[in-house]
Amino acid sequence: MVLASIFGTEHEYGIFVPSAENSMEAYLASRSTSYDIVRLGAELIGGSDRSDDLPVSMPSLLREYGLDASAPICARDVADALRYIGGSGYMLWNGARFYVDAGHPEYSTPECSTAYELLIAEKAGERIVEAAGKKAEDLTGNRIYLHKDNSDRHGHSYAAHENYLVTPRLFDLLVRAGESGVFNAWINFLVTRQIWAGAGKVGSDFDGGIIFQLSQRAEFFSEIRARNTMEDRGIINTRDNSYANDLSYKRLHVILGDANMCDVAIFLKVGVTALFLKMLEDDFFVERKTFLTEPLRSPLGVLHGVSCDTEMRKKFLLRNGKRIGALEAQEEVLRLIKEYGGQNLSLLSDAERKVTEYFEETMLRLRRDPSLLYGWMDHITKREIIARQLKRLGKGWDDPLAVRLDFLYHDINRSAGLFHKLYDAGQIVQIAKESDVKMAMANPPETTRAWLRSQVLKKFRGSYGRWNFINVKTLNDWQRLALDNPFAGNRQVCEQLLKKSRTAEDFLKSWKEGE
């Protein structure tokens, strides 16, 4: 079985409050301000919060965050634990989730079904975080810097995660089972896609000899497989939280990616990855001879090596003794996608064809002259604009200004951020329409359960929930509505049902009858 695509992204935003006098005060100020930002963002967009609700799997949640799961749990323990881990946060009326994680404001997009849907949802998230940050400045009187990046330059990295809906069978092959051609292909794809999906990074948190890297995240990975997301990270994250019917659906949690700013990079990162997973689901690799199914001698070595190979010309050893380059690997991915798509890509959807067209043009430019991807790819755009500034001022890459410009590139303040200055100057290729981004700030995608979740929270005030359920507020109590099917709850199926339901009781009765 091949599932239709559903995916989403999560971003922890870097936050800095310069009014603090020392590092501990800075941490506490940033953490406290993050809660203000999340609350203010929910007030701007609309959202529901119920932090005193006891999660169904509270003991496992406590264990996950290093808290004592064996101790008796009372309401105060729950409240303290939720505050410690960032609280349950807010389910926003645009289908997203906004919360605090490890002291950072984190924005998770709603479930999306096309790369374009995801792009506008992620860009809407940037706008919401920016607006909430400005409100928090007014509230606190402090200047607040918010960055959509992945590293604080003190050895800490924070999230730019992707989530893809897959079958339990594919999940087992990629996460739990031993080595196979499918597993090898997935690893080889992930460790080399940074040549077009990397956000770029000046220097290194660990190696003073590195001037520039393609990826902000690559150097923070030390395992092939691991469950952790904050230390000892694995190329394959083994976390198994489906937020859906576990027998039918799995969430593949990809933590290897960077926080992208460029439209094309975001569009391709999720679009190409979703297409690649679709081919794996369809057993497309089983009967085809391709070096992508051969194991690398050192996947971690390739991950780190590709990030540091800014010219993208190095070759890496397969276990069979042959050598491949990251460029050749991604060109092979393109070749296979085109073969999978059939003549004129007729077997792909319109959305998938658009992704493939952009991917083909990207690979052609990478092969011909990577500088042609200025405005398309973040690492190329960032490296070029920083180089220009350093040359103009007569400074080298070892000057602290280079790192400051790196941070400035990711500043989401549209009046100050370097990326946004390039965007306003017409130097960034635009895919997302401004009208669509504004729409996504207030409205969910119409093709997934995000639509129903959003509408129920809006219509029946006092309701609250998470990704896979809503506790619907009735006249005297709450009734739980399961959303275990990520495809159910889309606008086409549910709009009339909601319109004819005057009360929550009417809606729940009609929903149950229609199941």
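A brief structural summary. Nothing here was measured: the structure is a model prediction, and the numbers come from that model. (Residues numbered from 1 in each chain as written. Predicted model: local features only at pLDDT ≥ 70, side-chain atom pairs only at ≥ 80, totals over all residues. Heavy atoms only, no water.)

**As for the sheet that holds strand E17 (residues 469–473)**
Inference 1: The three strands are arranged E16-E17-E18 in an open sheet whose pairing can be described as antiparallel. Single-partner strands in this sheet number two, and they are strand E16 (464–466) and strand E18 (478–482). Shown here is a sheet whose adjacent strand axes are inclined to one another by a mean of 15°, direction ignored.
Inference 2: With three bridges connecting them, E16 and E17 associate as antiparallel partners. Within the sheet, the bridge partner assigned to Arg466 lies in E17 and is Phe469.
Inference 3: Contacting E16, E17 and E18, helix H16 (residues 449–459) crosses the sheet at an angle of about 20° to E17.
Inference 4: In this fold helix H18 (residues 504–514) packs onto E17 and E18, with an angle of close to 35° to the strand it touches most, E18. (Pairing = 2+ DSSP bridges. Helix = DSSP H or I, 4+ residues; strand = E, 2+ residues; numbered from the N terminus. Axes fitted to C-alpha atoms, helices over the stretch in contact; angles between N-to-C directions. Contact = heavy atoms within 4.5 Å.)

**So, the side chain of Glu332**
Inference 1: When you line up the elements, Glu332 lands in helix H10 (residues 326–341).
Inference 2: Under the relative-accessibility criterion, Glu332 is labelled buried at 10%.
Inference 3: Once you skip the residues sitting within four places of it in the chain, Glu332 turns out to touch Thr290, Phe291 and Leu292. (Buried < 20%, exposed > 50% of the residue type's maximum accessible area, 1.4 Å probe, protein only.)

**Section: the state of the cysteines**
Inference 1: Tallied over the full model, the rule gives zero disulfides.
Inference 2: Just so you know, Cys112 is unpaired, no disulfide at all, and the nearest cysteine sulfur is the one on Cys494, 17 Å from it. (Disulfide = S-S within 2.5 Å.)

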